[in-house]
Structures are given as C-alpha cells and as structure tokens.
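Chain residues, written in single-letter form:
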Amino acid sequence: MRIGTGYDVHKLVLERNLILGGVRIPFEKGLLGHSDADVLIHAIMDALLGAAALGDIGKHFPDTDSEYKGISSIELLKKVRILIENKLYFIENIDATIIAQSPKLSSFLPEMVSNIAGALEMEEDRVNIKATTEEGLGFTGEGLGIAANAVCLLENMMNYQYDATPNSDAGRNCSGCNGCSKKE
C-alpha cells in the first residue's frame, strides 16, 4: 500500500476559462497556467505520481514543453494512469478538496468525479471531490487564486495472486482490480 499527497495553486486572471476537474465552470476569471491550469487534476496527478515514487507533474509534463501548452489536464491524467499501471499499481481511492472563495462548485462536483474516474478507468465511488472556502482569508479567500489538495492510495498488483489453472481454488476470492477483469 502506498499513499500520496498532492497540492496545486494557480492565480485567477481575466480572459481564461475556469476548468476544474475537467469541467468548464462559468466564471468571469480563469486560472493562469501553461496547460488548462486545472488545479484539481494537477493535485491528483501529483498525489498519484508521489505514491508511485515517480516524481511530480513538472518532471513528466514540463511547462517549458510546447507540447503541453493549453493541453487538457484530463489528457495528462490519462498519461499518469499509464505510468501508474506500468509500475503495476492500481488506484484504490482518491480524496481531494478544491479551495476557492467563489464560484460555488457543489453542482459541478458530480461531473468532476465522473471525468476523473473516467480518465483513470476506475469506479466513481472510489473518487471523492469536495469544495470549501477560506472564509475570506488568504489568497484564495480574497479571490486571487484557487488551490486544491489530494490524497490517494495505491496498491501493487503483485500483492495479489491469481492461479488460472483449471480446478484451482486460488483466486476464488478475487474481486478484480484495474489491471484484471477477472471476477469470481
């Protein structure tokens, strides 16, 4: 079992779309960044990469690389999923919090969960997204930016055994995982 944490923050500016969890949020400002500046997805990616000891998003998707200019962070999250799977990990769960004074985000949270679960090819009930304010305090409370933090739990597929030989009782209690479609 491996635990990872992630944090990201971006400044709010005029003439940018506000994208959080892959959802375009109607708002007069958006987040400044090289990609779409989706702080929620960036925090989740850093949590996943950290848990797998793969560095951070800057290592894999540097903001000096024109390939990532304006890219959807959901597309980057899909690439992180592949990196995680290549190390034989599967994602047990993700819990994340968006910190923003405004806009109100509660009505957008289910779509964010759906987008993230879809990009990671996992069940929605293993992804939890919350939003909170800072009661007018600090840079997020003053509406200067939006932040997000995330935590995740990874399991290594090598910790599970499955014997596919005929008449074997091994694996009878297997409930499947991201890398395995086998179910009892």
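Residues numbered from 1 in each chain as written. Predicted model: local features only at pLDDT ≥ 70, side-chain atom pairs only at ≥ 80, totals over all residues. Heavy atoms only, no water.

A.B. asks: How should I be thinking about the overall build of the chain in this particular structure?
C.D. replies: Scanning the chain from N- to C-terminus turns up five helices and seven strands. Listed by position from the N terminus, the elements making up the chain come as β-β-β-β-α-α-α-β-α-β-α-β. Considering the chain as a whole, with its 184 residues, one finds that 44% of them fall into the buried category. Within the chain, contacts between residues separated by at least 24 positions form 70% of all contacts whose residues are at least 6 apart in sequence. Total accessible area computed for the chain in this model is approximately 9700 Å², and 50% of it derives from carbon and sulfur atoms. (Helix = DSSP H or I, 4+ residues; strand = E, 2+ residues; numbered from the N terminus. Buried < 20%, exposed > 50% of the residue type's maximum accessible area, 1.4 Å probe, protein only. Contact = heavy atoms within 4.5 Å. Areas by Shrake-Rupley, 256 points an atom, 1.4 Å probe, with all protein chains shown as cover.)

A.B. asks: It is not clear to me how a nonpolar patch on the surface should be interpreted in this structure. Could you clarify?
C.D. replies: A contiguous nonpolar patch, built from Y7, V9, F139 and L144 and spanning about 360 Å² of accessible area, is present on the exposed surface. Topologically, V9 is positioned in strand β1 (residues 2-14). (Patch = residues over 30% accessible without salt bridge, like charges linked within 9 Å, V, L, I, M, F, W, Y side chains within 5 Å. Salt bridge = Lys/Arg side-chain N within 4 Å of Asp/Glu carboxyl O.)

A.B. asks: For this particular structure, what's the right way to read the packing of aromatic side chains?
C.D. replies: Note on aromatic pairs: each is described by the distance of the centres and the angle between the planes. Inspection of every chain in the model, using the stated rule, returns one aromatic pair. Summarising the aromatic geometry, the rings of F61 and Y68 are spaced 5.3 Å apart at their centres and angled 80° between planes, so their arrangement reads as edge-to-face. Here F61 falls in the buried class, since its relative accessible area comes to 11%. (Phe/Tyr/Trp six-rings, centres within 6.5 Å; stacked < 30°, edge-to-face > 60°.)

A.B. asks: I'm lost on the side chain of D38 in this one. Help?
C.D. replies: You can see D38 is positioned in the loop between β4 (29-31) and α1 (39-51). There is no salt bridge for the buried D38, and the closest opposite charge comes from R16, which lies 10 Å off by N-O distance. Among the polar contacts made by the side chain of D38, one reaches the main-chain amide nitrogen of G21 at a distance of 2.9 Å. (Lys, Arg positive; Asp, Glu negative; His and termini not counted. Polar contact = N/O pair within 3.5 Å; in protein donor to acceptor, adjacent residues only side chain to side chain.)

A.B. asks: Honestly, the pattern of salt bridges in this entry has me stumped. Any pointers?
C.D. replies: Side-chain pairs of opposite charge can arise where the charged atoms are in close proximity. What the rule picks out here adds up to five salt bridges. The shortest N-O distance in the salt bridge between R81 and E85 comes to 3.3 Å. Of the two residues, R81 and E85 are both situated in helix α3 (residues 73-86); the distance of four residues between them amounts to about one turn of the helix. Look at E85 and you get partly exposed, because its relative accessible area is 25%. R126 is paired through a salt bridge with E123; the nearest N and O atoms lie 2.0 Å apart. What makes E123 partly exposed here is its relative accessible area of 40%. Because the salt bridges share partners, they merge into one network encompassing R81, E85 and E121.

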